[in-house]
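# Architecture and fold: a report
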Amino acid sequence: MAAAWADYDLDGDLDLFVGDNDGASRLLRNDGSSAEPRFTDVTAGSLLRCGSVYCAAWADVDGDGDPDLTAADWDNAVAVFRNDQRLGNHWLQVRLRGAGANRFGVGARVRVTAGGRSQVREVFGGCPTATQPLVACFGLGPEARAEAGRPTLIVCRTQIGWGSPNKVGTHDVHGAPLGAAEIAATRAALGWPHEPFVVPEELRAAWDARTAGAAAEAAWQARFAAYRAQHPELAAEFERTQAGGLPESWPEIRSELLARAGDRQGAVASRKSSQNCLDFLVDRVPELLGGSADLTGSNLTAGKGSIAWHTAGERTPNYLSYGVREFGMTAIMNGVALHGGLIPYGGTFAVFSDYARNAIRMSALMQQRVIHVLTHDSIGLGEDGPTHQPVEHIGSLRLIPGLDVWRPCDELETAVAWVESLERRDGPAALFLSRQNLEQCGERPGRADDIARGGYVLREADGPLQAVLIATGSEVGIALAAQRDLATHGVATRVVSMPCCARFDRQSPAWRKSVLPTDIPRIAIEAGHPDPWRKYVGMAGEVVGIDRFGESAPAPQLYERFGLTASHLAQVVVETIARESGSDGDF
């Protein structure tokens with residue numbers, strides 16, 4: 001006796017073949033379900049003719065998707081019965097691959113859900129008398145098609161160097177040409193007699209979609225013309241967002257946002273300043289599509305008008321909860337930007353930009369308007385410790401060509417960073433934002449325009465200039481405190497805030513020299529690696545930074561431990577001036 005199960009009619013239920021020693025083998029079709037089977041003997045209509053059968057197995061011998069039957073009798077005669085029925089049912093075959101000892105997944109159970117039904121198959125190698133192929137086969141029935149509005153995953157199995165007789169499956173075809181001899185061999189193996197760079201006319205005709213494409217485009221344009229006639233305002237809005245333009249009222253939105261930010265009082269973390277900007281922007285710039293890698297409550301990337309996709313209900317969503325997948329989030333934002341019509345922004349901790357780095361690089365390489373919100377930007381995040389404290393990250397990201405990295409010191413600089421990132425249409429931005437509160441630096445006529453240049457004089461020296469202090473973000477407050485301390489000892493210094501080095505570098509030489517005169521000692525301070533600042537301070541300048549990993553402690557203790565204090569900065573300034581002037585280096 002032999003028994004073999006398979007969904008031979010691909011309707012989603014397992015059918016049974018029973019082989020009999022006396023030649024009375026039967027094919028039983030399951031007309032019920034897997035949970036409540038109901039079998040019908042269809043042997044007579046199947047043209048199945050078996051003698052005495054002691055083993056049987058199902059396998060898709062001819063590769064057409066439906067299982068064929070192999071049966072053997074006691075005289076070692078083997079018969080293959082090809083399944084030629086064409087019922088229009090769909091099917092799926094799953095072949096597992098692994099790297100361990102059980103690389104084919106023998107014993108693994110595979111679950112497939114389609115058409116509202118779930119099926120489970122176990123990858124089974126067979127028994128001593130009947131070996132099974134290591135494939136999980138599923139019949140899906142006539143209705144198991146991709147549902148409207150849902151994506152379809154198409155899996156293609158490839159083999160590197162396929163067609164090359166001597167190099168297929170090897171690394172030799174990855175980064176080197178095949179060579180004349182192997183090219184000739186590959187041409188012969190593929191049956192390709194045509195000259196190099198010649199596309200046969202029959203192939204060109206088969207792949208030429210210009211006529212069909214032109215027809216499809218004309219049909220779409222006709223539909224859109226009808227839509228424009230019926231909904232002129234919506235059509236204009238669609239065309240505006242597809243072209244990458246900002247709302248018609250953008251000048252007013254911009255002015256009010258900057259005015260609000262300039263009026264802000266009290267200490268505010270720049271991540272909160274960013275959220276204040278989003279509270280204002282989300283409702284006024286409807287093409288904004290926000291999100292976070294499972295850190296919305298920390299990144300503060302949701303504005304008052306943000307509507308998360310998973311809680312939107314009947315409302316129109318404008319915010320995605322990406323889960324803990326920084327690279328996936330960033331890659332999706334790149335795709336959204338490439339499609340057009342939306343301006344994506346997404347948040348995570350600055351230290352986790354490592355996971356997203358190659359996608360951030362692609363944002364810049366493709367010159368796409370993507371805004372990366374990177375919070376908890378330094379050791380100032382405190383007790384989470386060195387695993388979460390970025391040190392080299394901001395300097396590393398500043399090296400990516402075309403990426404504008406902003407590290408604002410107060411709400412006005414944060415608002416300018418958002419404005420400039422939205423207005424720029426040829427590249428991405430990264431906003432490095434603090435966890436700890438930062439004091440406001442005050443508004444003055446023209447300050448917002450100066451901020452947009454990337455580096456500017458925030459506070460001028462009270463007297464003949466002796467040194468220039470350069471700072472970003474949370475260290476601007478330290479530089480201002482050091483300036484006041486130095487002034488009490490008769491040392492006149494200028495404080496330069498440089499929220500965006502890339503923007504500053506794109507300014508005219510005259511502007512850069514007016515901000516950072518080359519004949520005055522320059523000292524930079526930033527809670528990050530010091531090396532990137534050497535180009536601004538020169539051989540005669542100094543940098544107060546961090547060239548090691550952080551530690552777990554409250555932010556004030558960490559700043560004290562690493563010398564990121566006004567008193568230490570003031571001492572470095574005095575020593576630098578003394579070294580350059582030949583004095584003793586005391587106040």
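Residues numbered from 1 in each chain as written. Predicted model: local features only at pLDDT ≥ 70, side-chain atom pairs only at ≥ 80, totals over all residues. Heavy atoms only, no water.

What follows deals with the overall build of the chain. Looking only at helices and strands, the chain has 18 helices and 26 strands in total. A globule of 587 residues ought to have a C-alpha radius of gyration of about 25 Å, yet the chain, at 34 Å, is considerably larger. With respect to the principal axes defined by its C-alpha atoms, the chain has extents near 115 × 60 × 60 Å. Across the chain, the fraction of contacts at a sequence separation of at least 24, relative to all contacts at a separation of at least 6, is 64%. When the accessible surface of the chain is totalled, it reaches about 30,300 Å², and 55% of it is carbon and sulfur. Mean positive and mean negative side-chain charge positions of the chain (56 and 73 charges, respectively) differ by 2 Å. (Helix = DSSP H or I, 4+ residues; strand = E, 2+ residues; numbered from the N terminus. Rg over C-alpha atoms; globule rule 2.2 N^0.38 Å. Contact = heavy atoms within 4.5 Å. Areas by Shrake-Rupley, 256 points an atom, 1.4 Å probe, with all protein chains shown as cover. Lys, Arg positive; Asp, Glu negative; His and termini not counted. Charge placed at Lys NZ, Arg CZ, Asp CG, Glu CD.)

Another point: the sheet that holds strand 6 (residues 68-73). One open sheet holds the three strands; their spatial order is 5-6-7, and the pairing between them is antiparallel. Edge positions in the open sheet fall to strand 5 (53-59) and strand 7 (78-81), since each of these has one partner strand only. Adjacent strand axes in the sheet meet at a mean angle of 20°, parallel and antiparallel pairs treated alike. Two elements, strand 6 and strand 7, share four bridges in a ladder whose sense is antiparallel. Each residue of the ladder has a partner; that of Leu 69, found in strand 7, is Phe 81. (Pairing = 2+ DSSP bridges. Axes fitted to C-alpha atoms, helices over the stretch in contact; angles between N-to-C directions.)

Two elements in contact, helix 6 (residues 270-281) and helix 11 (residues 411-423), have axes separated by 9 Å at closest approach and are oriented at 50°. In this view, helix 6 runs oblique relative to helix 11, as classed from their interaxial angle. For the crossing formed where helix 6 meets helix 11, the hand is right-handed. Contact residues: Ser 270, Ser 273, Ser 274, Asn 276, Cys 277, Leu 278 and Leu 281 in helix 6; Glu 411, Thr 414, Ala 415, Trp 418 and Leu 422 in helix 11. Among the residues making up the contact of helix 6 with helix 11, the classes are represented as six nonpolar, five polar and one charged. (Parallel < 35°, antiparallel > 145°, perpendicular 65-115°, else oblique. Left-handed = near helix turned anticlockwise from the far one by under 90°. Nonpolar A, V, L, I, M, F, W, Y, C, P; charged D, E, K, R; others polar.)

Here we come to the sheet that holds strand 24 (residues 493-497). Taken together, the five strands give an open sheet; going across it, the order is 22-24-23-25-26, and neighbouring strands pair in mixed fashion. Looking at the sheet topology across the chains shown, the edges are occupied by strand 22 (456-459) and strand 26 (542-544). Each strand axis lies, on average, 30° off the axis of its neighbour in the sheet, ignoring direction. Taken together, the three bridges between strand 25 (residues 522-525) and strand 26 define a ladder with parallel strand orientation.

Here the structure, examined in full by the defined rule, presents 11 aromatic pairs. Consider the rings of Tyr 345 and Trp 418, whose centres lie 5.5 Å apart with planes at 90°: the pair is edge-to-face. With Tyr 345 in strand 17 (residues 343-349) and Trp 418 in helix 11, this pair connects stretches of sequence that are 73 residues apart. Tyr 345 sits in the buried class, given a relative accessible area of 1%. Among the aromatic residues, those joined into a ring-pair cluster are Trp 220, Phe 224, Tyr 227 and Phe 238. Arg 284 extends its terminal NZ or CZ atom over the ring of Phe 280, reaching a point 3.9 Å from the ring centre. (Phe/Tyr/Trp six-rings, centres within 6.5 Å; stacked < 30°, edge-to-face > 60°. Buried < 20%, exposed > 50% of the residue type's maximum accessible area, 1.4 Å probe, protein only. Lys NZ or Arg CZ within 6 Å of the ring centre and 35° of its normal.)

Attention now moves to helix 9 (residues 353-365). Across its 13 residues, helix 9 extends 17 Å between first and last C-alpha, which sits within 8% of the 18 Å expected from 1.5 Å per residue. If you look at helix 9, its biggest bend is around 35°, right at Ala 359. Turning to helix 9, its buried residues number three or more, namely Ser 353, Ala 356, Ala 359, Ile 360, Ser 363 and Ala 364. At its buried positions, helix 9 is contacted by helix 8 (326-339), strand 17, strand 18 (371-375) and helix 10 (393-398). (Expected span 1.5 Å × (residues − 1). Bend = angle between axes of the 7 residues up to and from the residue.)

Time to look at the domain arrangement of the chain. What the domain assignment reports for the chain is domain 1 (2-140), domain 2 (209-243), domain 3 (249-432) and domain 4 (449-581). The straight-line distance from the C-alpha centre of domain 1 to that of domain 2 is 51 Å. (Domains from an automatic or database assignment.)

Counted at 1.5 Å a residue, the expected span for helix 6 with its 12 residues is 16 Å, and the 16 Å between its end C-alpha atoms agrees. Summarising burial for helix 6: 11 of the 12 residues are buried, a large majority. What helix 6 keeps buried is the set Ser 270, Arg 271, Ser 273, Ser 274, Gln 275, Asn 276, Cys 277, Leu 278, Asp 279, Phe 280 and Leu 281.

For the rest of this paragraph, the subject is the pattern of salt bridges. Tallied over the full model, the rule gives 30 salt bridges. Linking Arg 548 and Glu 551 is a salt bridge whose minimum nitrogen-to-oxygen distance equals 2.7 Å. The partly exposed category is assigned to Glu 551, whose relative accessible area is 26%. A salt bridge links Glu 580 to Arg 579, with the nearest nitrogen and oxygen atoms 3.5 Å apart. Residue Arg 579 is classed as partly exposed on the basis of its relative accessible area, which comes to 43%. A single network of salt bridges, built from pairs that share partners, joins Arg 254, Asp 404, Glu 420, Glu 423, Arg 424, Asp 426, Arg 503 and Arg 506. (Salt bridge = Lys/Arg side-chain N within 4 Å of Asp/Glu carboxyl O.)

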